[in-house]
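Remarks on the overall topology
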Amino acid sequence: MENQVTVFDHPLIQHKLTHMRDEKTGSKLFRELVSEVSMLMCYEATRDLPLKEVEVQTPLVKTKSKVIAGRKLAFVPILRAGLGMLEAMLEMVPAAKVGHIGLYRDEETHEPVEYYNKLPSDIEERDVFVLDPMLATGGSAVDAINIIKKSHPHSIKFLCIIAAPEGIKALTEAHPDVQVFCAAKDEGLNENCYIMPGLGDAGDRIFGTK
Ligand code: URA
């Protein structure tokens, strides 16, 4: 399980995350910080993308230089908090396609109910990055990945900002083939399934709802 999970401990990410945790941080700054952390995480999580050499004419000379080879990406935010990470990811990889998954838990059966699912039609050729800032129980992440796997993407990675050990356990056990990236592994869940110390409800803080 340990090498399936990468914590990005870059000082810039840790610094921004501290401001995200601060209850005094309002929605505008919180959204900006989610974007900035997502951009830095995207940079780290795409480190292994293969490169190929191409020829380029500079103003001075013809030379060989590298571009990303072949592999196409897709970003799939889990609605709604995952949307907060999307723009930054697209700024880094504008050619990526975007899918959306919307899920909620039926209060009686506790079964996941899918209310939205639109994935790129060529997802079979794509490496998918599933986006959700908070990996709490892992329920939504596991369900979203179950749904995505039915379309047979080339690979799946999961990007979150804060992960609880409970969520990491659930996700890595259900999907041992999915690499998990986060900015912090927190202590655990409270009785309401909030991550502790966490940052509260990421969706509410991004969208200013409460
Ligand atoms: N979702 C959130 O937004 N915050 C938590 O702490 C747990 C789940």
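The structure contained in this document is the topic of the report that follows. Bear in mind the structure is a predicted one, so any value in this text is a computation, not a measurement. (Residues numbered from 1 in each chain as written. Predicted model: local features only at pLDDT ≥ 70, side-chain atom pairs only at ≥ 80, totals over all residues. Heavy atoms only, no water.)

Thoughts on the site of the ligand
In the vicinity of the ligand, the residues found are Met134, Ala136, Cys193, Tyr194, Ile195, Gly200, Asp201 and Ala202. One of the backbone N or O atoms of glycine 200 is found 2.8 Å from a nitrogen atom in the ligand. Class assignment of the residues belonging to the shell around the ligand gives a composition of six nonpolar, one polar and one charged. (Near = heavy atom within 4 Å. Polar contact = N/O pair within 3.5 Å; in protein donor to acceptor, adjacent residues only side chain to side chain. Nonpolar A, V, L, I, M, F, W, Y, C, P; charged D, E, K, R; others polar.)

Regarding the state of the cysteines
Per the stated rule, a full pass over the model turns up zero disulfides. Free cysteine: cysteine 182, not disulfide-bonded; nearest cysteine sulfur from cysteine 160 at 5.0 Å. Judged by relative accessible area, which is 0%, cysteine 182 ranks as buried. Unpaired in this structure, cysteine 193 has its nearest cysteine sulfur neighbour in cysteine 160, at a distance of 16 Å. (Disulfide = S-S within 2.5 Å. Buried < 20%, exposed > 50% of the residue type's maximum accessible area, 1.4 Å probe, protein only.)

Here's the deal with the pairing of strand E8 (residues 126–131)
Each regular strand carries side chains that alternate between the two faces of the sheet. Counting buried positions along E8 yields six of six residues, so the element is predominantly enclosed. Where burial is concerned, the two faces of E8 agree: the one with Arg126, Val128 and Val130 and the one with Asp127, Phe129 and Leu131 are both buried. Here six bridges tie strand E4 (residues 72–79) to E8, and the two strands are oriented parallel to one another. Along E8, the bridge assignment pairs valine 76 with valine 130. With five bridges connecting them, E8 and strand E10 (residues 155–159) associate as parallel partners. Residue pairing for E10: valine 130 is matched across the bridge by phenylalanine 158. (Helix = DSSP H or I, 4+ residues; strand = E, 2+ residues; numbered from the N terminus. Pairing = 2+ DSSP bridges.)

Remarks on the environment of glycine 138
Its location among the elements puts glycine 138 in the loop between strand E9 (134–135) and helix H4 (139–149). Between the C-alpha atoms of glycine 138 and valine 93, which are 45 residues apart in sequence, the distance is 26 Å. The residues touching glycine 138, leaving out its near neighbours within four places in the chain, are Gly167 and Ala170. (Contact = heavy atoms within 4.5 Å.)

Considerations on a nonpolar patch on the surface
Judged by side-chain polarity, Tyr104, Tyr115 and Tyr116 come together as a nonpolar surface patch covering roughly 340 Å² of accessible area. Note that tyrosine 104 resides in strand E6 (residues 100–105). (Patch = residues over 30% accessible without salt bridge, like charges linked within 9 Å, V, L, I, M, F, W, Y side chains within 5 Å. Areas by Shrake-Rupley, 256 points an atom, 1.4 Å probe, with all protein chains shown as cover. Salt bridge = Lys/Arg side-chain N within 4 Å of Asp/Glu carboxyl O.)

Observations concerning the packing of aromatic side chains
In this structure the tally under the stated criterion is three aromatic pairs. Between phenylalanine 8 and phenylalanine 181, the aromatic rings sit 5.4 Å apart at their centres with planes inclined by 10°, giving stacked as the arrangement. One end of the pair, phenylalanine 8, is in the loop between strand E1 (5–7) and helix H1 (11–21); the other, phenylalanine 181, is in strand E12 (residues 179–182), and 173 residues separate them in sequence. Given a relative accessible area of 6%, phenylalanine 8 falls into the buried group. The interplanar angle of 80° and the centroid separation of 5.8 Å between the aromatic rings of phenylalanine 75 and phenylalanine 129 together place this pair among those described as edge-to-face. (Phe/Tyr/Trp six-rings, centres within 6.5 Å; stacked < 30°, edge-to-face > 60°.)

Regarding the packing of H1 against helix H2 (residues 27–45)
One can describe the packing of H1 onto H2 by two numbers: an axis separation of 10 Å at closest approach and a directional angle of 155°. Classified by the angle their axes make, H1 and H2 are roughly antiparallel. As for how H1 packs across H2, the hand of that crossing is left-handed. Taking contact as the criterion, the partners of Leu12, Ile13, Lys16, Leu17, His19 and Met20 in H1 are, on H2, Phe30, Leu33, Val34, Glu36, Val37, Leu40 and Met41. Its residues placed into classes, the contact of H1 with H2 shows ten nonpolar, one polar and two charged. (Axes fitted to C-alpha atoms, helices over the stretch in contact; angles between N-to-C directions. Parallel < 35°, antiparallel > 145°, perpendicular 65-115°, else oblique. Left-handed = near helix turned anticlockwise from the far one by under 90°.)

Looking at the nonpolar core
Met20, Met41, Phe75, Leu159 and Ile161 are the most contacted members of the largest nonpolar core, which totals 36 residues. Among the secondary structure elements, those contributing two or more residues to this core are H1, H2, E4, helix H3 (83–92), E8 and helix H6 (202–207). Broken down by element, the residue count for this core peaks at seven residues, all from H2. Beyond its immediate stretch of four places on either side in the chain, phenylalanine 75 contacts Leu86, Met89, Leu90, Val93, Ala96, Lys97, Val98, Gly99, Phe129 and Leu131. Counting residues in hydrophobic clusters, the runner-up holds 26 residues, among them Ile101, Leu119, Val128 and Ile156. (Core = buried A, V, L, I, M, F, W, Y, C linked by side-chain atoms within 4.5 Å.)

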